[in-house]
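# Structure assessment
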Amino acid sequence: MSAAPHFSPDVAVIGAGPAGLMAAEVAASAGLRVAVFDHMPTPARKLLLAGRGGLNLTHSEPLDRFLPRYGAQAPLFRDLLAGFSPDDLRGWAAGLGIETFVGSSGRVFPVQMKASTLVRAWLRRLGGLGVTLHGRHRWTGWDADGRLALTGPDGAAVTAAPRATLLALGGASWPRTGSDGGWTDILAARGVEIAPLRPSNMGFEVPWSDHLRERFAGQPVKSVGLSFAGRRLKGEFVITGTGIEGGAVYALSAPLRDAIEAEGWAGLTLDLLPDMPEAELLKRLRRRGAESLATFLKKALSLSGPRAALLREFAPAAALSDPAALARAIKALPMVLTGTRPIDRAISSAGGVALAELDETLMLKRLPGVFLAGEMLDWEAPTGGYLLQGCFAMGATAGRGVVARLLPTASVSLSPEGKGD
């Protein structure tokens, strides 16, 4: 019987997403031999899927507004972004030949609006640095001798004995791209504290009437205000057959999810006309003559389609004939959310390895030489570039931690060309 295939790189990276590939680049730029393993056939599956409609790399807002997007973990990201900021990310992309621009919302995109172009350029750079990629290799833990245990493409056992390991296995959203949370039991068996994985940036369930569901499912609700737990924002969302989803909803998803978990429901407040003061709205409503309410709302307030349907869905019947009550309903319409969509339908996930388990280089205190990065850690952020920025920054920090451990006298940073200084 032949021996199982065996790898002996300096660094083994498990997970070929943004965090893993960034850590691989940092380590390889310092001269370390890096092997990347992923159980999907090709790398960066989730990044490619996320970039189908235009890859939102990061956001252009100042750091004093950027950092609070990470909630309770803002102090950690203050340090992470000091090492790899949004400007650094744009400079790094430019070094790959990927120019970026700031959209009207402040989000940063590649000019070509394609993730595939960036990934191809990145893989060429990694290949030039000597990084080897091994698809269809699923990590299953450690063997009795402390080596990494993997299952290869043909189901055969594979082992690796690196000097350092970087785990960047993602959370549990979009499992078809490889993020299935299968690593949780492996680390928990080693005593690592792991918060339960939960959906983040996900849709919510709403008990629609049959009429609204059949007539408006799939339609966007544009230019509305959303309020919950003291936070208010303006944006848009989409009515689905089961509830609501979309950018404005994702921005409030964490507190809404927490409320539903605690109370069984959450009350989201809609402002159907966020740019019109209630006093002006009431003045217009009092001018209504004999025309129907639907006709009047459309002509006088440009309130029709999904927004008008939501008003009829949630406003008390008596309010529709009382101008003052109707004005209040339009400006503060209560929508009851009764559940979250499943984690496998979420854009990202919350929970994961507790940050207290890691040192400042993102190395596990219980497992010296094992570093973690990306969505498998216990943090979350809204869409808008914050998620990807966080993963890139974590990968850069963990990669530097690997270099510091294996090459204590080395100094490494990413330049636009991807070379270590």
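Residues numbered from 1 in each chain as written. Predicted model: local features only at pLDDT ≥ 70, side-chain atom pairs only at ≥ 80, totals over all residues. Heavy atoms only, no water.

## A closer look at the pairing of strand β2 (residues 11-14)
As a reminder, the rule being used: Relative accessibility decides the category of a residue: with a 1.4 Å probe and only protein chains considered, values under 20% of the type maximum give buried, values over 50% give exposed, and everything between is partly exposed. Strands here mean DSSP runs of E at least two residues long; helices mean DSSP runs of H or I at least four residues long; both are numbered from the N terminus. Only when DSSP finds a minimum of two bridges between them are two strands counted as paired. Viewed with both strands pointing away, a crossover whose connecting path from the first strand over the helix to the second turns clockwise is right-handed.
Going residue by residue along β2, you find V11 and V13 tucked away on one face and A12 and I14 tucked away on the opposite face as well. Pairing geometry for β2 and strand β3 (residues 34-37), over four bridges, is parallel. Residue pairing in the sheet places V11 in a bridge with V34 of β3. Crossover connection from β2 via helix α1 (residues 18-29) to parallel β3: handedness right-handed. By the bridge criterion, four bridges tie β2 to strand β11 (residues 164-167) in an arrangement that is parallel. Its bridge partner lying in β11, I14 is registered against L167.

## Re the pattern of salt bridges
For clarity, the cut-off: The salt bridge criterion pairs a side-chain nitrogen of Lys or Arg with a carboxyl oxygen of Asp or Glu, the two atoms within 4 Å.
For the coordinates displayed, the defined rule picks out 22 salt bridges. In this structure, the salt-bridge partner of E25 is R125, at a minimum N-O distance of 2.9 Å. Here E25, found in helix α1, pairs with R125, found in helix α6 (residues 115-128); they are 100 residues apart in sequence, far enough to count as distant. An identical accessibility class is assigned to E25 and R125; each is buried. Linking D143 and R147 is a salt bridge whose minimum nitrogen-to-oxygen distance equals 2.8 Å. Take R147: its relative accessible area is 31%, and that puts it in the partly exposed class.

## Examining the sheet that holds strand β10 (residues 157-160)
With respect to topology, four strands assemble into an open sheet ordered β1-β10-β9-β8, the strand pairing being mixed. The sheet terminates laterally at β1 (6-7) and β8 (138-142), the two strands that pair on one side only.

## Observations concerning the packing of helix α11 (residues 278-285) against helix α14 (residues 323-331)
Worth spelling out the cut-off: In this analysis an axis means a line fitted to C-alpha atoms, helices contributing only their contacting stretch, and an angle means the value between N-to-C directions, from 0 to 180 degrees. In these notes the angle categories are as follows: under 35 degrees is roughly parallel, over 145 is roughly antiparallel, 65 to 115 is roughly perpendicular, and the rest is oblique. Crossing chirality is assigned from the near helix's rotation relative to the far helix, an anticlockwise turn below a right angle marking it left-handed and a clockwise turn marking it right-handed. By the convention used here, residues are in contact when the closest approach between their heavy atoms is within 4.5 Å. Any residue that is not Ala, Val, Leu, Ile, Met, Phe, Trp, Tyr, Cys, Pro, Asp, Glu, Lys or Arg is counted as polar, Gly included; the first ten are nonpolar and the last four charged.
It is the contact of α11 with α14, at a shortest axis distance of 9 Å, that shows an interaxial angle of 135 degrees. As summarised for this structure, α11 and α14 are arranged oblique, according to the angle between their axes. Considering the relative orientation of α11 and α14, their crossing is right-handed. Note on element contacts: α14 touches α11 through P323, A324, L326, A327, R328, I330 and K331, opposite E278, L281, L282 and L285. Considering only residue class, the contact of α11 with α14 consists of eight nonpolar, no polar and three charged.

## Here we look at the sheet that holds strand β15 (residues 231-239)
What the seven strands build is an open sheet, ordered β18-β17-β14-β15-β16-β13-β19; its pairing is antiparallel. A strand with exactly one partner marks an edge of an open sheet, and here the two such strands are β18 (333-337) and β19 (339-340). Of the pairings in the sheet, the one linking strand β13 (residues 204-205) to strand β16 (residues 243-245) comprises two bridges and is antiparallel in character. Within β16, the position partnered with F204 by the bridge is I244.

## Looking at the pairing of β18
Of the two faces of β18, the one holding L333, M335 and L337 is buried and the one holding P334 and V336 is not buried anywhere. Relative to β18, strand β17 (residues 266-271) runs antiparallel, the two being bridged by five bridges. Paired with L268 across the strands is M335, a residue of β18.

## Some words on the side chain of T184
As for its placement among the helices and strands, T184 is situated in helix α7 (residues 184-188). Residues contacting T184, with those up to four places away along its chain left out, are I194 and L197.

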